[in-house]
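Structural characterization, general
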Amino acid sequence: MKQQSTKSIAEPFSPYQILVIALLTLLQFTIVLDFMVLAPLGDFLMKSLSMTPKGFGLVVSSYAFSAGLSGILAAGFADKFDRKKILLFFYTGFIVGTLFCALATTYEMLLVARIITGLFGGVIGAISMTIITDIFEVHQRGRVMGFVQMAFAASQVLGIPIGLYLANVWGWHSAFLMIVILAVLIGLVILFKVKPIDKHLALQSDKSPFLHLWHAVTNRSYQTGFIATAFMSVGGFMLMPFGSAYLINNINITQEELPLVFMFTGIASIVIMPLVGKLSDRYDKFMVFAGGSILAIIMIVIYTNLSPVPLWQVVVVNMILFMGIMSRMIPATTLTMSVPDIKDRGAFMSVNASLQQMAGGIAALCAGLIVTQETKSSPLRHYDTLGVVVSILIIVCIFLVYRVSVMVNQKDKRSA
């Protein structure tokens, strides 16, 4: 793999950069936890609010669809304001939406609250990626993404168990209140400690937000990044919805053992992600991505064809599978972040985040058309077929990310 200069590799983060990394990681933790904690709380919610499974499914999907819509609506305005101000605006909306979730007493109230939370929360990830691109040099971004992506793992290891414990002791509302309290503290630190991020404002040429959005969407280079992101999301989200059902009904993992699988996978990913981030900064990002993709394909084929095996083997397979997935996500995201010009970064990231949400929803729908189950307790059928489909999508994604890599390298040479 092509190695970068030792000087760029060894360059340490400044104290201010460390503060920004910590805040963005904690902020991402609250966003991910708010989304992920809903599924474990499903039994509490359906019983206390008299929800049907169909109604609960609508509550879950309403967040994704409203998040996808808000990304498109916000894209034209994303580069018109100081990044710090727009982050605080949407994070405040997210906090209010999550507070409404905590205060909801009926199904209808919770549904509206989840739509509000999605409208604001769905854009925050894109704004965070834009801030990382503005503040950190290209040879630092892999390490930054490695830390920020740890929020996903931390929510599995810490957030969900704590949320479920609070729900058992004080009711499901307390899980959302916990997120609100943490988010308010993070928001206050951002307000008082983060400097304005507004260099892009001097470079704006489009007066109309809608014209700005149109220019971002119709840019051929940006379209390549959008398509690559969509395929990344489709491949990842196809396996996820049926993961728990597959482990319980096909591999005979018990409900009590299931948290252990997620916990150990989360712990492993906390260790793996910073390492992948360092590799992405030290070596060619596409080569790291391609290596992770090959590992992911091998592990997906093994995972989707498992027969009942001991718990420790399931944990090991999940850990290695997640290693492959993370080795794809971090370098690919870092490459994609380098595609837009500084004046278009906010619009690009917003559209990209919307496509990610929508592609994930489509992926889950397609997976539901492939996988079947005769009864609630019978094994899933055609899960191995799903593994083949995901593997093919990963191969297509390798080609698309290669195109993004070539484009980014050419851009770097022109700016050098």
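Only a predicted model underlies this, so the values are computations on that prediction, with no experimental measurement involved. (Residues numbered from 1 in each chain as written. Predicted model: local features only at pLDDT ≥ 70, side-chain atom pairs only at ≥ 80, totals over all residues. Heavy atoms only, no water.)

What follows deals with the confidence of the model for the protein chain. If pLDDT is low for a region, its predicted coordinates should not be looked at in detail. With 85% of its residues at a pLDDT of 70 or more, the protein chain has an overall mean of 80. In the model, residues 4-10 has pLDDT below 50 throughout and makes 12 contacts with residues more than four positions away in sequence or in other chains. (pLDDT = per-residue confidence, 0-100. Contact = heavy atoms within 4.5 Å.)

Glancing now at the pattern of salt bridges. Once the charged atoms of two side chains with opposite charge are near each other, the side chains can pair. Throughout the structure, instances matching the rule amount to 2 salt bridges. For Arg114, the salt bridge goes to Asp34, with nearest N and O atoms at 3.1 Å. With a gap of 80 residues between them, Arg114 in helix α6 (residues 107-135) and Asp34 in helix α2 (residues 15-36) connect regions that are remote in the sequence. Here the two residues Arg114 and Asp34 agree in accessibility, since each one is buried. Asp134 serves as the salt-bridge partner of Arg83, at 2.7 Å between the closest nitrogen and oxygen. Placement of the pair is Arg83 in helix α5 (residues 83-103) and Asp134 in helix α6, with a sequence separation of 51 residues. (Salt bridge = Lys/Arg side-chain N within 4 Å of Asp/Glu carboxyl O. Helix = DSSP H or I, 4+ residues; strand = E, 2+ residues; numbered from the N terminus. Buried < 20%, exposed > 50% of the residue type's maximum accessible area, 1.4 Å probe, protein only.)

Here we take up helix α7 (residues 141-148). Across the 8 residues of α7, 7 count as buried, placing the element largely inside the fold. Taken together, the buried positions of α7 are occupied by Arg141, Gly142, Arg143, Val144, Met145, Gly146 and Val148.

Before going further, it helps to spend a moment on the side chain of Thr117. Position of Thr117 among the secondary structure elements: in helix α6. One polar contact links the side chain of Thr117 to the main-chain carbonyl oxygen of Ala113, over a distance of 2.7 Å. Once residues lying within four places of it in the same chain are set aside, the contact partners of Thr117 are Asp34, Tyr63, Phe94, Gly97, Thr98, Cys101 and Gly122. (Polar contact = N/O pair within 3.5 Å; in protein donor to acceptor, adjacent residues only side chain to side chain.)

In this section: the packing of aromatic side chains. The tally for this structure, following the rule as stated, stands at 11 aromatic pairs. Consider the rings of Tyr246 and Tyr383, whose centres lie 4.1 Å apart with planes at 20°: the pair is stacked. Of this pair, Tyr246 sits in helix α12 (residues 243-249) while Tyr383 sits in helix α17 (residues 383-415), placing them 137 residues apart in sequence. The exposure class assigned to Tyr383 is buried, which follows from its relative accessible area of 1%. (Phe/Tyr/Trp six-rings, centres within 6.5 Å; stacked < 30°, edge-to-face > 60°.)

All right, on to a nonpolar patch on the surface then. A surface patch of nonpolar side chains, amounting to about 590 Å² of accessible area, comprises Ile181, Val184, Leu185, Leu188, Leu191 and Phe192. By the secondary structure assignment, Leu188 is in helix α9 (residues 173-193). (Patch = residues over 30% accessible without salt bridge, like charges linked within 9 Å, V, L, I, M, F, W, Y side chains within 5 Å. Areas by Shrake-Rupley, 256 points an atom, 1.4 Å probe, with all protein chains shown as cover.)

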